[in-house]
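# Report on the structure
One letter stands for each residue in the lines below.
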Amino acid sequence: MNKGRSPENLTQAGGFFERALALDPENVEALVGKASVDLITAAAFMVDDRDARLWRRR
């Protein structure tokens, strides 16, 4: 996520956060990171499933 807010970087960051959550589902930093990626991509209209990303709940 620190490389910039391009769709490619955010997709990669989201994958890293997903992997961290697979290892530790209660990892707060990974939960916040994944939520941040979803919010940024949805708010910037970078994805087609904008509503689903904004309403996703864990």
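Structure shown above.
The text that follows walks through the structure, step by step, so that each part is easy to find. What you are looking at is a predicted structure, and each value in this text was computed from that prediction instead of being measured.

Another aspect to go through is the packing of helix 1 (residues 7–23) against helix 2 (residues 28–43). The geometry of a pair of packed helices is captured by two quantities: the angle between their axes and the separation between those axes. At a minimum axis distance of 9 Å, the contact between helix 1 and helix 2 shows a crossing angle of 150°. Regarding the angle of helix 1 to helix 2, the classification is roughly antiparallel. Regarding helix 1 and helix 2, the two cross each other, and that crossing is left-handed. Taking contact as the criterion, the partners of L10, A13, G14, F17, E18, A20 and L21 in helix 1 are, on helix 2, E29, A30, L31, G33, K34, V37, I40 and T41.

This part is about helix 1. If you check helix 1, its first and last C-alpha atoms are 25 Å apart, about what 17 residues at 1.5 Å a residue would give, namely 24 Å. Among all positions in helix 1, only N9, L10, A13, G14 and L21 are buried. Projected down its long axis, helix 1 shows its buried positions confined to an angular sector of 135°, all on one face. Helix 1 presents E8, T11, R19, A22 and L23 as exposed residues on the side facing more than 90 degrees away from its buried surface.

Calculation criteria
- Residues numbered from 1 in each chain as written.
- Predicted model: local features only at pLDDT ≥ 70, side-chain atom pairs only at ≥ 80, totals over all residues.
- Heavy atoms only, no water.
- Axes fitted to C-alpha atoms, helices over the stretch in contact; angles between N-to-C directions.
- Helix = DSSP H or I, 4+ residues; strand = E, 2+ residues; numbered from the N terminus.
- Parallel < 35°, antiparallel > 145°, perpendicular 65-115°, else oblique.
- Left-handed = near helix turned anticlockwise from the far one by under 90°.
- Contact = heavy atoms within 4.5 Å.
- Expected span 1.5 Å × (residues − 1).
- Buried < 20%, exposed > 50% of the residue type's maximum accessible area, 1.4 Å probe, protein only.
- Arc of directions from axis to C-beta.

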